[in-house]
Amino acid sequence: MSKPVVLIAEELSPATVEALGPDFEIRNCDGADRAALLAAIVDVDALLVRSATLVDAEALAAAKKLKVVARAGVGLDNVDVKAATQAGVMVVNAPTSNIVSAAELAIALLLASARNIAPANDALHKGEWKRSKYTGVELDEKTVGIVGLGRIGVLVAQRLAAFGVELIAYDPYVQPARAAQWGVRMVTLEELMQQSDFITVHLPKTPETVGLIGEAQFNIAKPNLRVINAARGGIVDEAALYEALKSGRIAGAGLDVYAKEPCTDSPLFTLETVVATPHLGASTDEAQEKAGISVAKSVRLALAGELVPDAVNVQGGSIAEEVRPLLALAEQLGSIASSVTTAALSRVDIEVLGAATEHDVRVLELSALKGVFQALVHDPVSYVNAPLLAEQRGVAVALTSDADAGDHRSLVRVRVTQSDGVVRVVAGVANGSNGATKLVEFGDFDVDVPISEHMAFFRYNDRPGVVGTVGRLLGDALVNIAGMQVSRDKDADNALIVLTVDSEIPSATVEQIKTEIGAHSGRVANLSL
């Protein structure tokens, strides 16, 4: 069997290839060469890039077998995530690979601005000794305002605490009590601008954050304010920053990012009060190695068909050990539920009950949808495109949870509603120690059956001789029965036979069984286990 093909379109650390391991065929191309990329991408399973390779709708259309695009870094400006999602291609990045490097660069820019390191260095290189001109300021007892108290903002706060500064922050999504644990006092943006001697920006670039710090904010700032932006260009209004620095309304700035990049001719570069670097936040050997190893691991998971924590177009995040065994269970239940439907679906409800609800269980919605549509569509179904398939077909989806699972530690129930109003319900449990899954509910019937690749369900009026008839007909079809359970409803009038068999039951045999036992219904489920 041929190995999956991984195309590396830009220079990555040797550790990236090592992390991929021997299970893949590794190819290389110059992703910046458009023609070379489009030719090389046709038959690959995974594509690894940095920032120079444009992965747009055209490239995705050319990649007939592509399953995952991995960006060895944080940003995804060069990857069309929407087009990838529509194509069923997973997109992953390395969101934590550069956080230490970015935090350290922000502090380096802050210190360089405080001590006028850039102009002093430039003067000395020109043979000029100007000690008095480049007198700076200490950080001790100064107020540092952190705009955005996410992962990088917290790292900056932790490192700056050693300088004896007072730390304040603006972030509408962080609770004051949580910030206090990091030694940070939460304030409004206006208060931060008024009180800070230094401001360092650590926000994502969104429509809401573009131009967040501009003329109005500089007009209320201290004249000794120094602004540091090593996050994303455009959050600080560059034109307003230039005017504030040139007029002396604020004292200095340290910049690593710009509204348009590459940037080599900004008016800001003409000012001695600005120390500037060319987007070096992730440019350390350690960050590049972390990014490569991270996406290599994600590629391995993606090509193995597993959920990838760092996927950006599916529900990502770490998966708790209590939840992990339920991933396969939810998918299997989705497949069983859709296999026994007799009309188009209008709704899918996923219920998670028990101990698992102490954790984030949203991934189970994706697993169940993946199972539902695997039984309904011919195209490949993934964690990426399953929600899109539901949306395109007008299928409403809802996830609910409850801490009470009755006699079970954790239980997953999948309820599908047909367009004719008929509801099909299945529920199951998973054994966390060995991953074994069991079906415990089928409609109104309580069952206890291991979930198998090939299953069959026959509902009929309870009477003697049915089990023998089913066994005889399956034997005639050379289908071996692995397990069988008969369950009766509370009135003991209706019965359900649940079968696990070693091979797929021919449709003619299913119809013959239904006829001879007078079944109200008979359906099979063939799962991809």
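Residues numbered from 1 in each chain as written. Predicted model: local features only at pLDDT ≥ 70, side-chain atom pairs only at ≥ 80, totals over all residues. Heavy atoms only, no water.

A. Local environment of the overall build of the protein chain. Scanning the protein chain for helices and strands turns up 17 helices and 22 strands. Over its C-alpha atoms the protein chain spans a radius of gyration of 30 Å, topping by over 25% the 24 Å that the globule rule assigns to 529 residues. With the principal axes as the frame, the protein chain shows a C-alpha extent of 105 × 50 × 40 Å. Split into buried and exposed, the 529 residues of the protein chain put 50% on the buried side. Considering only contacts in the protein chain between residues 6 or more positions apart, those separated by 24 or more positions represent 63%. Here the protein chain displays about 24800 Å² of accessible surface, and carbon together with sulfur accounts for 49% of that area. (Helix = DSSP H or I, 4+ residues; strand = E, 2+ residues; numbered from the N terminus. Rg over C-alpha atoms; globule rule 2.2 N^0.38 Å. Buried < 20%, exposed > 50% of the residue type's maximum accessible area, 1.4 Å probe, protein only. Contact = heavy atoms within 4.5 Å. Areas by Shrake-Rupley, 256 points an atom, 1.4 Å probe, with all protein chains shown as cover.)

B. How the structure looks around the nonpolar core. Ranked by internal contacts, the top residues of the largest apolar core, which has 47 residues, are I336, L364, L439 and F457. The contact partners of F457, leaving out residues within four places of it in the chain, are I336, V340, L439, F442, L496, I497, V498, S521, G522, R523 and A525. V187, L192, A231 and L271 belong to the second-largest nonpolar core, a separate cluster that totals 31 residues. (Core = buried A, V, L, I, M, F, W, Y, C linked by side-chain atoms within 4.5 Å.)

C. Spatial organisation of the pattern of salt bridges. As enumerated under the stated definition, the model contains 23 salt bridges in all. With a closest N to O distance of 2.8 Å, D45 and K67 form a salt bridge. One end of the pair, D45, is in the loop between α2 (34-40) and β3 (46-49); the other, K67, is in the loop between α3 (57-62) and β4 (68-71), with 22 residues separating them in the sequence. Classification of D45 as buried rests on a relative accessible area of 7%. (Salt bridge = Lys/Arg side-chain N within 4 Å of Asp/Glu carboxyl O.)

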